[in-house]
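Residues per chain are reported as follows:
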Amino acid sequence: MVEGKPSQYRLVRVRTQASELAQAKNDHAQLTALRAEMAEQEARWKESYDLLLAENEKLKSSGAEALLAAQWRHRYEACLKEKEDALTNLEMEREKV
């Protein structure tokens with residue numbers, strides 16, 4: 001039996017495991033960053049929603065239904081674009097993995 005083969009095998013296995021561990025740590029860091037980013041986005045959306053809800057109540061009380069409808073339509077379109085951008089970014093990140 002050749003002495004070098006078992007130790008070479010172990011060395012290759014250790015290098016593979018180290019590489020996998022490094023990749024897992026990198027993936028974990030990216031996932032953590034993405035979760036933090038999504039939490040911040042959710043907080044911004046919540047704040048915007050609360051502001052819009054208050055504005056909605058003011059507009060309803062003054063009888064400005066047409067203005068209210070136009071504002072909500074504009075906000076809907078902005079949110080839809082933001083959602084599409086987020087989905088595009090998510091898909092690009094998935095393709096990297």
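Residues numbered from 1 in each chain as written. Predicted model: local features only at pLDDT ≥ 70, side-chain atom pairs only at ≥ 80, totals over all residues. Heavy atoms only, no water.

Things to note about the overall build of the protein
Point 1. Per the secondary structure count, the protein includes 2 helices and 0 strands.
Point 2. Taking the principal axes of its C-alpha atoms as reference, the protein extends roughly 90 × 20 × 10 Å.
Point 3. Considering the protein as a whole, with its 97 residues, one finds that 6% of them fall into the buried category.
Point 4. In the protein, the 16 positive side-chain charges and the 18 negative ones have mean positions that sit 8 Å from each other. (Helix = DSSP H or I, 4+ residues; strand = E, 2+ residues; numbered from the N terminus. Buried < 20%, exposed > 50% of the residue type's maximum accessible area, 1.4 Å probe, protein only. Lys, Arg positive; Asp, Glu negative; His and termini not counted. Charge placed at Lys NZ, Arg CZ, Asp CG, Glu CD.)

A closer look at the pattern of salt bridges
Point 1. Throughout the structure, instances matching the rule amount to 5 salt bridges.
Point 2. In this structure, Arg73 engages Glu77 in a salt bridge whose closest nitrogen and oxygen atoms are separated by 3.1 Å. Of this pair, Arg73 and Glu77 both sit in helix 2 (residues 65–96), separated by 4 residues, roughly a single helical turn. (Salt bridge = Lys/Arg side-chain N within 4 Å of Asp/Glu carboxyl O.)

Topic: the packing of aromatic side chains
Point 1. Counting across every chain of the model gives 0 aromatic pairs.
Point 2. One Lys or Arg, Arg75, reaches over the ring of Trp72 and ends 5.9 Å from the middle of that ring. (Phe/Tyr/Trp six-rings, centres within 6.5 Å; stacked < 30°, edge-to-face > 60°. Lys NZ or Arg CZ within 6 Å of the ring centre and 35° of its normal.)

What about the environment of Leu52?
Point 1. If you trace the backbone, Leu52 turns up in helix 1 (residues 4–62).
Point 2. Along the backbone, Leu52 and Arg75 are 23 residues apart, and their C-alpha atoms lie at a distance of 9.4 Å.
Point 3. Look past the residues within four positions of Leu52 in its chain and what remains in contact with it is Trp72 and Arg75. (Contact = heavy atoms within 4.5 Å.)

Quick word on a nonpolar patch on the surface
Point 1. A surface patch of nonpolar side chains, about 320 Å² in accessible area, is lined by Leu34, Met38, Leu87 and Leu90.
Point 2. Breaking the nonpolar patch down by element, the ones donating at least two residues are helix 1 and helix 2.
Point 3. The residue Leu34 is located in helix 1 in this model.
Point 4. Classification of Leu34 as partly exposed rests on a relative accessible area of 32%. (Patch = residues over 30% accessible without salt bridge, like charges linked within 9 Å, V, L, I, M, F, W, Y side chains within 5 Å. Areas by Shrake-Rupley, 256 points an atom, 1.4 Å probe, with all protein chains shown as cover.)

What to know about the side chain of Gln41
Point 1. Tracing the backbone through its elements, the reader meets Gln41 in helix 1.
Point 2. On the accessibility criterion, Gln41 (15% relative accessible area) is buried.
Point 3. A distance of 2.5 Å separates polar atoms of two side chains, one belonging to Gln41 and the other to Glu82. (Polar contact = N/O pair within 3.5 Å; in protein donor to acceptor, adjacent residues only side chain to side chain.)

Here we look at the environment of Leu67
Point 1. Note on placement: Leu67 falls in helix 2.
Point 2. Placed 24 residues apart in sequence, Leu67 and Ala43 show a C-alpha to C-alpha distance of 27 Å.

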